[in-house]
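# A closer look at the structure
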Amino acid sequence: MNFPLTNWTQLRQATLNGDKAGQQALATLCENYRAPILGFLRMRGYDSQAAEDLTQQLFLELIEHESWRRADQAKGRFRTFLLGILNFVLSRQRRHLGAEKRGPGQSIMSLDLMAEEGWEPAGVEMEEQFDAQWALGLVAGALATVQQGFLNKDKGSAWEILVRFLPGSGGPPTYEEAAAALGYSLAATKSAVNRVRTEFREELRRAVSLTVGAPHEITEELAYLREVLTRVI
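Residues numbered from 1 in each chain as written. Predicted model: local features only at pLDDT ≥ 70, side-chain atom pairs only at ≥ 80, totals over all residues. Heavy atoms only, no water.

### Thoughts on the overall build of the protein chain
Each helix and strand in the protein chain was counted, giving 10 helices and zero strands. Taken from N to C terminus, the helices and strands of the protein chain fall in the order α-α-α-α-α-α-α-α-α-α. Counting all 233 residues of the protein chain, 40% fall into the buried class. Put simply, of all contacts in the protein chain between residues at least 6 apart along the chain, 60% involve residues at least 24 apart. (Helix = DSSP H or I, 4+ residues; strand = E, 2+ residues; numbered from the N terminus. Buried < 20%, exposed > 50% of the residue type's maximum accessible area, 1.4 Å probe, protein only. Contact = heavy atoms within 4.5 Å.)

### Points about the pattern of salt bridges
The tally for this structure, following the rule as stated, stands at two salt bridges. R34 is paired through a salt bridge with E52; the nearest N and O atoms lie 2.4 Å apart. Residue R34 is found in helix α2 (residues 20-43), and its partner E52 is found in helix α3 (residues 48-63); the two are separated by 18 residues along the sequence. By relative accessible area, which is 29% here, E52 ends up partly exposed. In this structure, the salt-bridge partner of R206 is E203, at a minimum N-O distance of 2.8 Å. Remark: E203 and R206 occur in helix α9 (residues 186-209); sequence separation between them is three residues, near one turn of the helix. (Salt bridge = Lys/Arg side-chain N within 4 Å of Asp/Glu carboxyl O.)

### Some points on the nonpolar core
Counting 55 residues, the largest nonpolar core has I37, L41, L86, W159, L204 and L225 as the members making the most contacts within it. Among the secondary structure elements, those contributing two or more residues to this core are α2, α3, α4 (78-102), α6 (124-152), α7 (156-162), α8 (175-182), α9 and α10 (218-232). Looking at this core, the element that brings in the most residues is α6, giving 11 residues. Beyond its immediate chain neighbours, meaning those up to four positions away, W159 contacts L143, V146, Q147, F150, L166 and V196. (Core = buried A, V, L, I, M, F, W, Y, C linked by side-chain atoms within 4.5 Å.)

### What to know about the packing of aromatic side chains
Applying the stated criterion to the full structure yields four aromatic pairs. Consider the rings of F40 and F130, whose centres lie 5.6 Å apart with planes at 85°: the pair is edge-to-face. Residue F40 is found in helix α2, and its partner F130 is found in helix α6; the two are separated by 90 residues along the sequence. Comparing F40 with F130 shows no difference in burial state: the two are buried. Above the face of the Y175 ring, K190 is positioned so that its terminal group lies 5.6 Å from the ring centre. (Phe/Tyr/Trp six-rings, centres within 6.5 Å; stacked < 30°, edge-to-face > 60°. Lys NZ or Arg CZ within 6 Å of the ring centre and 35° of its normal.)

### Considering the side chain of E203
By relative accessible area, which is 12% here, E203 ends up buried. Sequence-distant contacts of E203, that is, excluding residues within four places in its chain, are made with A142, T145 and V146.

### A closer look at α8
Of all the residues in α8, the buried ones are A178, A179 and L182. Along the axis of α8, the buried residues cluster in a sector spanning 100°; they form a single face. When the buried face of α8 is taken as reference, the exposed residues oriented beyond 90 degrees from it are E176, A180 and A181. For α8, the secondary structure elements touched by its buried residues are α7 and α9. Backbone geometry just after α8 places G183 at a positive phi near 80°. (Arc of directions from axis to C-beta.)

### Things to note about the confidence of the model for the protein chain
With 69% of its residues at a pLDDT of at least 70, the protein chain reaches an overall mean of 77. Taking the mean pLDDT of every element in the protein chain, the minimum, 42, falls on helix α5 (residues 111-116) and the maximum, 96, on α8. Low pLDDT, under 50, characterises residues 105-122; the stretch is placed with 32 contacts to residues that sit more than four places away or in other chains. (pLDDT = per-residue confidence, 0-100.)

### Observations regarding unusual backbone geometry
With a phi close to 55°, D154 is a non-glycine residue in the positive phi region. Note on placement: D154 falls in the loop between α6 and α7. Overall, D154 belongs to the exposed group, its relative accessible area being 71%.

### Things to note about the packing of α8 against α9
Running from N to C, α8 and α9 point in directions that differ by 95°, and their axes come no closer than 9 Å. As far as their axial angle goes, α9 and α8 are roughly perpendicular. Facing α8, whose interface residues are Y175, E176, A178, A179 and L182, α9 presents L186, T189, K190, V193 and R197. The residue inventory of the contact of α8 with α9, partitioned by class, reads six nonpolar, one polar and three charged. (Axes fitted to C-alpha atoms, helices over the stretch in contact; angles between N-to-C directions. Parallel < 35°, antiparallel > 145°, perpendicular 65-115°, else oblique. Nonpolar A, V, L, I, M, F, W, Y, C, P; charged D, E, K, R; others polar.)

Below you can see the structure in the form of structure tokens.
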């Protein structure tokens, strides 16, 4: 199986192609990170409208102002780069609000100028909060994909029982209770639980594979994902 297009390879496509394909690669990246960004902003106290506005400003900065050209895979994870741009957007907003209070004559700083002044992309606390939203988003996406597979087979009722055996689902019933609810034998129930766990792990691994730069980084990122989730679930 070919290694799928990662955030970094999509970004390289955008760099090499200024055409429609390149723009689509950037749009896909934005869509992949939309939910974690919104969740992060809500966690930091912004209401839904403010979070939406700031997310749009981030995407505007990333695409129209071509801040994506600053990305450097050697410096770390793509989401860390993205968080740096988001922190710039938040810093610029604070400066703008401060300028409004001081009166006219205050300019809104560019990313280049703020970098020259020693602006730091993001603190440790911000990165941990953003990673928590990223991790929860990956899990939610993996769950939704596996669930859709059940719905496509008209097995939605089975999913409602089997999903409780997956992480973060509030604790599973006993196998005997699940077998009675499903109308399966005990052996068939255990087999169904193993299958749904395998499907979930595979989908989560696929989702993580899109966020790293090379196949060998997947295991490391999955371990980090588990570490983050133990702090937030």
